[in-house]
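# Fold and geometry: a report
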There are 2 protein chains.
Amino acid sequence: MKPEKDLGARQRHHYYFRNGTMDFYAGWLLGYSQVGGLSPGSLYDCLNRVKDGDPGSWVRAFEEAAAYQDGEARAAEARGSGSIAAQHHLAATTAARAALNLCRVRTPEAVALADRMEASFQAAMRAGATPIEPCEVPFEGRRLPGYASTGAPSARTLVVVVGGGDTYREDLWFFGGAAALTRGYPVLMVDLPGQGRTPSLGLHFGRATLEALDAVVRWGRARWPDHRVVLCGWSGGGYFTTKYVDLFGGVDAWIASTPIEDLAKMFEEAMPAVLRGHPEGWAQRALLRIAGRLSPVLDVSLEKYSHQFGPGGIAGAVELMRTVGRVEVDRLDAPLLALVGTSEAAEAQAQARHVYEAVHRRHATTALVEFSPASGGDAHCQVNNFPLAFEHIFGWLDRIGLAAS
Amino acid sequence: MKPEKDLGARQRHHYYFRNGTMDFYAGWLLGYSQVGGLSPGSLYDCLNRVKDGDPGSWVRAFEEAAAYQDGEARAAEARGSGSIAAQHHLAATTAARAALNLCRVRTPEAVALADRMEASFQAAMRAGATPIEPCEVPFEGRRLPGYASTGAPSARTLVVVVGGGDTYREDLWFFGGAAALTRGYPVLMVDLPGQGRTPSLGLHFGRATLEALDAVVRWGRARWPDHRVVLCGWSGGGYFTTKYVDLFGGVDAWIASTPIEDLAKMFEEAMPAVLRGHPEGWAQRALLRIAGRLSPVLDVSLEKYSHQFGPGGIAGAVELMRTVGRVEVDRLDAPLLALVGTSEAAEAQAQARHVYEAVHRRHATTALVEFSPASGGDAHCQVNNFPLAFEHIFGWLDRIGLAAS
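A brief look at the structure comes next. (Residues numbered from 1 in each chain as written. Chains lettered and ligands numbered in written order. Predicted model: local features only at pLDDT ≥ 70, side-chain atom pairs only at ≥ 80, totals over all residues. Heavy atoms only, no water.)

## Focus: the packing of helix H1 (residues 20-33) of chain B against helix H4 (residues 82-101) of chain B
Residues and elements named next belong to chain B. The test is simple: A fitted line through C-alpha atoms serves as each axis, taken over the contacting stretch for helices, and the angle formed by two N-to-C directions is quoted from 0 to 180°. Numbering of helices and strands starts at the N terminus; helices are DSSP runs of H or I of at least 4 residues and strands are runs of E of at least 2. In what follows, roughly perpendicular refers to angles from 65 to 115 degrees, roughly parallel to angles under 35, roughly antiparallel to angles over 145, and oblique to any angle outside these ranges. Crossings are sorted by hand: turned counterclockwise from the far helix by less than a right angle, the near helix makes the crossing left-handed, and turned clockwise it makes it right-handed. By definition, residues are in contact when any of their heavy atoms lie within 4.5 Å. Three classes are used, and their members are as follows: Ala, Val, Leu, Ile, Met, Phe, Trp, Tyr, Cys and Pro are nonpolar, Asp, Glu, Lys and Arg are charged, and the others, Gly among them, are polar.
At a closest axis distance of 12 Å, the pairing of H1 and H4 adopts a crossing angle of 165°. Looking at the two axes, H1 sits roughly antiparallel to H4. Once H1 is placed against H4, the crossing between them reads as right-handed. Of H4, the residues touching H1 (which contributes Tyr25, Trp28, Leu29 and Tyr32) are Thr94, Arg97, Ala98 and Asn101. By residue class, the composition of the contact of H1 with H4 is five nonpolar, two polar and one charged.

Written as structure tokens, this is what we have:
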């Protein structure tokens, strides 16, 4: 059973679907089950109802799961069972989040799912008395939605979690936000331009993403003036953090899975050819569909990425990246922990190693961890073994003097 | 794709294999990933190498994983990374445990796997500075192997975790031992006659299992003389705890997933016919195999259960259960939390409800929680959503005045 192509090389195991993109998503959601998402039972209850390769059946299954979990959460709240309610709310968050992945952008259905996801996440935090709250970071006359720690966490280091091309601020909770908070770190998790719902505010991936990251860091410094600052970037966030350290500097350490110095080259080497043309328009996509070169899953995904990249689409963004986006690795002046899955695209692994070597020359505490398939952390962003990645991250912060306690 | 029969009705979702028993095991191991077992990535790295229905390929894949995880754990220890080592040791424990499930009993391979599992588990506890230690509970001139809390946990209630027909004491860590300890309860997790490695000591399921449970409770009371005592029984432990409360009484509360009053009837209603004959002997099993009525997976499983039931085998044990084993539900005198998966055998659900109703008449705090397929807790022992089961268990203990804090 040979799997169908995913959007790029992101993993090598086979979880459930022949469709490569759906299979990556199945594994990613199993990964979330280790850190508070849908349990394996609830997840497979959805997957068993999905038709392989059919985005609509995926969206329906997870919409139903979100509604079910929301109902259970409300029932638990009515009984006064806060911790059970919190678990169901977080499961509802994950179900809505999963549905969003293959739901057509700019539809009322997608808006309702994002609303459900946000409401459920915030209800989970309240029900579990978790010390974080929604926040808004001003940026060029707009407000970037995020979450920030409340109270007085014990650690004197702020962890800023930075997502990529497929994250909402709620994802950042699973991508280390919760793990950092549990260990006593204050955390900041904000949607940058292009991420989450920001494309609907007219914000897209590009130079603005980096400038917004600077606004986020400044906002964090204002809130925690005595704290050191660590960036923790995932997926595209591996590029944003690397380029940020290049352009702005000033952070005490940074973690990237994976550090990327040349995003344009990453796109060209690692993404399927069909995404690298100019297939943004409705007519072009229709022709590709008819020619059988664009499966329904790729079609929905492409439309989503185009939405995030703005009017020029992905191809325009790659052109921009080629001219202004390259990182000057010799300017990178902060210790780095590079996390790399050995089942990721060869280009990602090569760039990570190159960035690591350059930074290591200036900062001897810089480290590189490569995750093999047997480790379970070999996929993109270590999505199939988050707890192992987190032990490496927080162990490294301990060793370089940025411990939580 | 219609799945092949499992040993009984234990779940309804489809995880990975057509073979029903292997598929239940895959789901069970995914469940462990939520509470410290193999990550989904490491697990599917094994599953992808297993030939559906072939026990030998299963054993080999997990043996290799155990060796890999053991090597990673030792490397982490050599680097002084205790928490990473602990995670790999616990993954090695789970991998060895998984291999044991389909490894022929009484072989050097099975003995080596049990040794690996125990050594890895104990190394995990040491590396993570977890406050439990191996213990031995004297019973009729022998010593039952177990684990007990050390130090001075905050709660004044001892949680005794009781396994079933498929558990080793190490499993009890995942089945609530860790969850209780995290919440401040002292815990006691002991192999009763028939469980774990006790068949090799000449101990088998039967009246001795109940008398040994009494020895365990007495041992716990001697160690924690001011504590209240709660039993938490899983699978066959749902029967042992129910029958124990009937015969011995004296506990402050008990949790059972599921409470069983008539084990003989459970066997007759819920197990496949092939296991209910007298197929213990080598020759009988060979004939059944030739006739195609005994798949390799059922064959290995049957040999294992026969080993646990002693010389008379399963059929003899059912006969004994029929005459002496029935529970007098009107004698049950302690509050009960009954956990029931709606995808379990109808007979299990019916008995659980009957026990619940009887106990509820005497103890109004008695509760019944039924888990639907969408909840993820619908399988036998809630293996596909342990965290939800635990929230129900510890929330209930809070409500009936046996809180951890």
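## A closer look at unusual backbone geometry
Operational definition: With a 1.4 Å probe rolled over the protein chains alone, any residue whose accessible area is under 20% of its type maximum counts as buried; one over 50% counts as exposed, and the rest are partly exposed.
Here the bond from A:Ser257 into A:Thr258 is cis, since omega is 0°, no more than 30 degrees from zero. Looking at where A:Thr258 falls in the secondary structure, it is placed in the loop between strand E6 (253-257) and helix H9 (263-270). Of note, A:Ser235 is a non-glycine position whose phi angle comes to about 55°, a positive value. By the secondary structure assignment, A:Ser235 is in the loop between strand E5 (228-234) and helix H8 (236-247). Located in the positive-phi region is B:Glu140, a residue other than glycine, with phi close to 50°. Here B:Glu140 shows up in the loop between strand E1 (132-139) and strand E2 (142-149). Owing to a relative accessible area of 54%, B:Glu140 belongs among the exposed residues under this scheme.

## Considerations on H8(A)
Residue pairs spaced three or four apart in an α-helix point in one direction, given the helix's 3.6 residues per turn. Residue and element names in this part refer to chain A. Inclusion rule: For a helix, the expected span equals 1.5 Å multiplied by the number of residues minus one.
Over its twelve residues, H8 runs 16 Å from end to end, which matches the ideal 16 Å to within 8%, given 1.5 Å per residue. Burial analysis of H8 places eleven of its twelve residues in the buried class, the great majority of the element. The complete set of buried residues in H8 reads Gly236, Gly237, Gly238, Tyr239, Phe240, Thr241, Thr242, Lys243, Tyr244, Val245 and Asp246. Phi turns positive, to about 60°, at Gly249, one or two residues after H8.

## Quick notes on the sheet that holds strand E2 (residues 142-149) of chain A
Residue and element names in this part refer to chain A. Put simply, the rule reads: At least two bridges found by DSSP between two strands are what make those strands a pair.
Taken together, eight strands build an open sheet; the order of strands is E1-E2-E4-E3-E5-E6-E7-E8 and the sheet is mixed. Each of the sheet's edge strands pairs with one partner strand only, and the pair in question is strand E1 (132-139) and strand E8 (367-371). For this sheet, the mean inter-axis angle between neighbouring strands, taken without regard to orientation, is 20°. Bridge count for strand E7 (residues 336-341) against E8 is five bridges, and the pairing is parallel. Looking at the pairing, Gly341 lines up with Phe371 of E8. Sheet strands in contact with helix H6 (residues 171-182) are E1, E2, strand E3 (157-162), strand E4 (187-190) and E5, and its direction is about 165° off that of E4. Along the sheet, helix H15 (residues 386-399) makes contact with E5, E6, E7 and E8, crossing E7 at roughly 165°.

## Some thoughts on the sheet that holds strand E6 (residues 253-257) of chain B
Residue and element names in this part refer to chain B. The mixed open sheet is built from eight strands, whose spatial order is E1-E2-E4-E3-E5-E6-E7-E8. Pairing within the sheet leaves two strands with one partner each, and these edge strands are E1 and strand E8 (367-371). Each strand axis lies, on average, 20° off the axis of its neighbour in the sheet, ignoring direction. Strand direction decides the pairing type here: strand E3 (residues 157-162) and strand E5 (residues 228-234), joined by six bridges, are parallel. Among the inter-strand pairings, Val160 is bridged to a residue of E5, identified as Leu231. Together, E1, E2, E3, strand E4 (187-190) and E5 form the strand contacts of helix H7 (residues 207-223), whose direction differs from that of E1 by roughly 125°.

## So, the pairing of E1(B)
Consecutive side chains along a regular strand alternate between the two faces of the sheet. All names here are of chain B. With eight bridges joining them, E1 and E2 adopt antiparallel strand pairing. Following the sheet pairing, Pro138 is matched in E2 by Arg143. Hairpin connection, E1 to E2: the antiparallel pair is bridged by two residues, and Glu140 has positive phi, about 50°.

## A word on the pattern of salt bridges
The condition that has to hold: Counted as salt bridges are all cases of a side-chain nitrogen of Lys or Arg within 4 Å of a carboxyl oxygen of Asp or Glu.
A complete count under the given rule lists 56 salt bridges over all chains for this structure. The partner of A:Arg104 in a salt bridge is A:Asp299, with the nearest N and O atoms 3.1 Å apart. Residue A:Arg104 is located in the loop between helix H4 (82-101) and helix H5 (108-127), and its partner A:Asp299 is located in helix H12 (residues 296-309); the two are separated by 195 residues in the primary sequence. Taking relative accessible area as the criterion, A:Arg104 reaches 33% and is therefore assigned partly exposed. In this structure, B:Glu118 engages B:Arg169 in a salt bridge whose closest nitrogen and oxygen atoms are separated by 3.6 Å. With B:Glu118 in helix H5 (residues 108-127) and B:Arg169 in helix H6 (residues 169-182), this pair connects stretches of sequence that are 51 residues apart. One exposure class covers both B:Glu118 and B:Arg169, and it is buried.

## Regarding the side chain of A:Arg10
Positionally, A:Arg10 belongs in the segment before helix H1 (20-33). Ignoring any residue separated from it by four or fewer positions in sequence, one finds A:Arg10 in contact with A:Thr21, A:Phe24, A:Tyr25, A:Asp166, A:Tyr305, A:Ser343, A:Ala379 and A:His380.

## A closer look at the environment of A:Thr94
Residues and elements named next belong to chain A. On the secondary structure map, Thr94 appears in helix H4. Residues Thr94 and Ser120, 26 residues apart in the sequence, show an inter-C-alpha distance of 9.0 Å. Filtering out sequence-adjacent residues up to four positions away, Thr94 remains in contact with Leu29, Tyr32, Gly37, Leu38 and Phe174.

## What to know about the relation of the copies chain A and chain B
What counts, and what does not: The least-squares superposition of copies is restricted to C-alpha atoms, and to residues with a pLDDT of at least 70 in both copies.
Once chain A is rotated about the relating axis by 180° and shifted along it by 0.0 Å, it coincides with chain B to within an RMSD of 0.0 Å. Taken together, these values place the two copies in the relation of a two-fold axis. Ranked by how close their C-alpha atoms come to the rotation axis, the residues of chain A are headed by A:Gln34, at 2.3 Å.

## Quick word on the pairing of E8(A)
In plain terms, the rule: Clockwise travel from the first strand over the helix to the second, with the strands pointing away from the viewer, marks a crossover as right-handed.
Of the two faces of E8(A), the one lined by A:Ala367, A:Val369 and A:Phe371 is fully buried and the one lined by A:Leu368 and A:Glu370 carries no buried residue. A crossover connection joins E7(A) to the parallel E8(A) through helix H14 (residues 346-362) of chain A; in handedness this β-α-β unit is right-handed.

## Some details on the environment of A:Val190
Residues and elements named next belong to chain A. In this fold, Val190 is placed in strand E4. For Val190, a relative accessible area of 4% puts it in the buried group. C-alpha separation for the pair Val190 and Glu63, spaced 127 residues apart in sequence, amounts to 25 Å. Residue contacts for Val190: discarding those within four places in its chain leaves Val137, Leu144, Pro145, Gly146, Val161, Leu172, Gln195 and Val216.

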